[in-house]
Amino acid sequence: MGKHAKHSPSSLDHLAKCVRFDHIEMESSGAEGTDLHNVCATGDVKLIEDDEQLRVVTACLDYVDSVLATEGGPESWHVMREVRVILKDLTYGHADKILIHKTKPIIHAMDYKFTRVEGTHDFQIKTYGAGLVEMILEALDAGQPLVLKSHEFDEEHVIENVIKPEEIITHVICPRLRKIDRAEHSPVELLDNVRHDIEMLYARIDDPFTQPQAHPESCARCANAHRCPAMTQTAVTAGKKLGLPIPTNFAINADATMEDRATGQLIVKALRQWCDAVNGFNLEFAKLDPDNNIPEGFILVNRSTGIRIDKANTATAAQLLIGSGDYMLEDILAACTLSLKEVSENRARNTKGLTIADSKEAAAQALAGLVKEGSTSFLQASRKKKPNKQLKT
């Protein structure tokens, strides 16, 4: 089989579920995951924001230490971080931690997952393991040292006379889910199986007739969801159940008719309200009855949403921070967003005879050059017979 466009190991689990998957990184979770991986790799805790993050990072590092304590202790292992692992002509990626024993035919491949949601990562970690095995075997066949690189940290590890592995152990470490997926593999068998599975997956991806498959783990992270026929079927079913009119075309792109756009807007509003209601009811369920039977495939997760200052206490909090001597006014203001509407309303409320409109105009004049006024346009159902006017607010 010829060379393929390479997909990263981290995308293979999703692609195995749906070959049309196109990953979208969730901004907040993606940034946090990157920071926590960096802390695990460097030990620099400056990026840690709270005790919960410190707990999960510590759990990962403690687990790595527990593995290093085996088979003769830490001095018996080559230890590498963020190692670039290549499976020739198929894929490449970066394993979070690689341990290679100096005198025994044992290697470990580890991957940290800071998700709060159950997921499948088996394909990814097995690909890291298979790539490592292949790189070792190629070095042995060529009579050369094994060279492993970490581009993230500009490191190169050269292992002379590396031992041919007889056992490879993979670890997916999920501290927030309080689980570790550990598996032992025969190195050559793992390599053969993973190469075969990736080649078969790429063949399905290359086949234009392979249809997408909706999957709860993947659809929420897929850039193709808005035009996916599998998602269309889900949306049509949901729309019919809600008694809503259905657009003739669910791919609401540049070619969609105005009627389809307007009908789609109704479904957006209805489904959003339904989703908010489900989320609210589930939240109350978790608070009131945490001991209920959880269905298979789900777990009940409790997590901090971060510390906050109530709006009514903002001024007091700012005064306390400045009074502590540790914070400057500039530090506080840089973390705030100013609402001219609320400022104008507050001034009008506290100034006799001043209207909100006059207060808002005075604020806009005082901040000339800094003020930006946004606008939005949307389709809204009208009581007239032809609800096709574009309304602006």
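## Remarks on the nonpolar core
Core analysis: the largest hydrophobic core is formed by 40 residues, its most contacted members being Ile-98, Ile-100, Leu-146, Leu-148 and Ile-198. Take this core: its biggest share by element is 10 residues, from helix 4 (residues 122-142). Sequence-distant contacts of Leu-148, that is, excluding residues within four places in its chain, are made with Met-80, Val-83, Ile-100, Leu-132, Met-135, Glu-155, Glu-156 and His-157. Counting 19 residues, the second largest nonpolar core, distinct from the first, contains Cys-40, Val-64, Leu-99 and Ile-106.

## Looking at the layout of surface pockets
Any empty space left between the atoms is revealed when a probe the size of a water molecule rolls over them. As a volume, the second largest pocket reaches approximately 810 Å³. Taken together, 23 residues line the second largest pocket, and the ones lying closest to its centre are Thr-314, Ala-315, Ile-332, Cys-336 and Thr-337. Where the lining of the second largest pocket is concerned, the elements lending two or more residues are helix 8 (314-323), helix 9 (329-333) and helix 10 (340-350). For the lining of the second largest pocket, the leading source of residues is helix 8, giving five residues. Of the residues belonging to the lining of the second largest pocket, the class tally is 15 nonpolar, four polar and four charged.

## Examining the side chain of Ser-218
Locating Ser-218 in the fold gives a position in the loop between helix 5 (187-206) and helix 6 (229-241). Since its relative accessible area comes to 2%, Ser-218 is described here as buried. Contact partners of Ser-218, with chain neighbours within four places excluded, come to His-14, Lys-17 and Phe-21.

## Observations regarding a nonpolar patch on the surface
Residues Ile-322, Leu-329 and Leu-333 make up a contiguous nonpolar surface patch of about 260 Å² in total accessible area. By secondary structure assignment, the location of Ile-322 is in helix 8.

## As for the packing of aromatic side chains
Here the distance between the centres and the angle between the planes together describe a pair of aromatic rings. Going through the model one piece at a time under the given rule, you end up with one aromatic pair. Taking 6.3 Å as the distance between ring centres and 45 degrees as the angle between the ring planes, the aromatic pair formed by Tyr-112 and Phe-114 counts as tilted. By relative accessible area, Tyr-112 is classed as buried at 3%. Owing to a relative accessible area of 8%, Phe-114 belongs among the buried residues under this scheme.

## What to know about unusual backbone geometry
A positive phi is found at Glu-71, a non-glycine position, where the angle reads about 50 degrees. Note on placement: Glu-71 falls in the loop between helix 3 (51-68) and strand 1 (77-87). Since its relative accessible area comes to 35%, Glu-71 is described here as partly exposed. You will see that Arg-178, though not glycine, has its phi angle at about 55 degrees, which is positive. Note that Arg-178 resides in the loop between strand 6 (167-174) and strand 7 (179-185). On the basis of relative accessible area, Arg-178 is assigned to the exposed category, the value being 69%.

## Focus on the packing of helix 1 (residues 9-17) against helix 5
Two quantities define a packed helix pair, namely the angle between the helix axes and the distance between the axes. Interhelical geometry of helix 1 versus helix 5 gives an angle of 60 degrees and a closest axis separation of 11 Å. Relative to helix 5, the element helix 1 lies oblique. The chirality of how helix 1 crosses helix 5 is left-handed. The residues of helix 5 that touch helix 1, namely those facing Leu-12, Leu-15 and Ala-16, are Ile-198, Leu-201, Tyr-202, Arg-204 and Ile-205.

## Some points on the pairing of strand 3 (residues 106-112)
Across the seven residues of strand 3, seven count as buried, placing the element largely inside the fold. By the alternation rule, side chains of strand 3 split into Ile-106, His-108, Met-110 and Tyr-112 and Ile-107, Ala-109 and Asp-111, which are all buried. Two strands pair when backbone bridges link them, and strand 2 (residues 91-101) and strand 3 are joined in this way by four bridges, in the antiparallel orientation. Residue pairing across strands places Ile-98 opposite Ala-109, the latter belonging to strand 3. Two successive antiparallel strands, strand 2 and strand 3, enclose a turn made up of four residues.

## Concerning the pattern of salt bridges
Under the counting rule described, the total for this entry stands at 14 salt bridges. For Glu-342, the salt bridge is made with Lys-311, and the minimal N-O distance between the two is 2.3 Å. Remark: Lys-311 occurs in the loop between helix 7 (258-288) and helix 8 and Glu-342 occurs in helix 10; sequence separation between them is 31 residues. We classify Glu-342 as partly exposed; its relative accessible area is 30%. Judged by relative accessible area, Lys-311 falls into the exposed class, the value being 60%.

## Focus on the pairing of strand 4 (residues 146-150)
Of the two faces of strand 4, the one holding Leu-146, Leu-148 and Ser-150 is buried and the one holding Val-147 and Lys-149 is not buried anywhere. By the bridge criterion, five bridges tie strand 4 to strand 5 (residues 155-159) in an arrangement that is antiparallel. Across the sheet, residue Ser-150 finds its bridge partner in strand 5, namely Glu-155. Where strand 4 hands over to strand 5, the hairpin turn is made up of four residues, of which Asp-154 adopts a positive phi near 50 degrees.

Procedures and definitions
Residues numbered from 1 in each chain as written. Predicted model: local features only at pLDDT ≥ 70, side-chain atom pairs only at ≥ 80, totals over all residues. Heavy atoms only, no water. Core = buried A, V, L, I, M, F, W, Y, C linked by side-chain atoms within 4.5 Å. Buried < 20%, exposed > 50% of the residue type's maximum accessible area, 1.4 Å probe, protein only. Helix = DSSP H or I, 4+ residues; strand = E, 2+ residues; numbered from the N terminus. Contact = heavy atoms within 4.5 Å. 1 Å grid on protein atoms, 1.4 Å probe; cavity = no way out; pocket = protein on both sides within 12 Å on 5 of 7 lines; lining within 4 Å. Points joined across faces, edges and corners; volume = space filled by probe spheres on them. Nonpolar A, V, L, I, M, F, W, Y, C, P; charged D, E, K, R; others polar. Patch = residues over 30% accessible without salt bridge, like charges linked within 9 Å, V, L, I, M, F, W, Y side chains within 5 Å. Areas by Shrake-Rupley, 256 points an atom, 1.4 Å probe, with all protein chains shown as cover. Salt bridge = Lys/Arg side-chain N within 4 Å of Asp/Glu carboxyl O. Phe/Tyr/Trp six-rings, centres within 6.5 Å; stacked < 30°, edge-to-face > 60°. Axes fitted to C-alpha atoms, helices over the stretch in contact; angles between N-to-C directions. Parallel < 35°, antiparallel > 145°, perpendicular 65-115°, else oblique. Left-handed = near helix turned anticlockwise from the far one by under 90°. Pairing = 2+ DSSP bridges.

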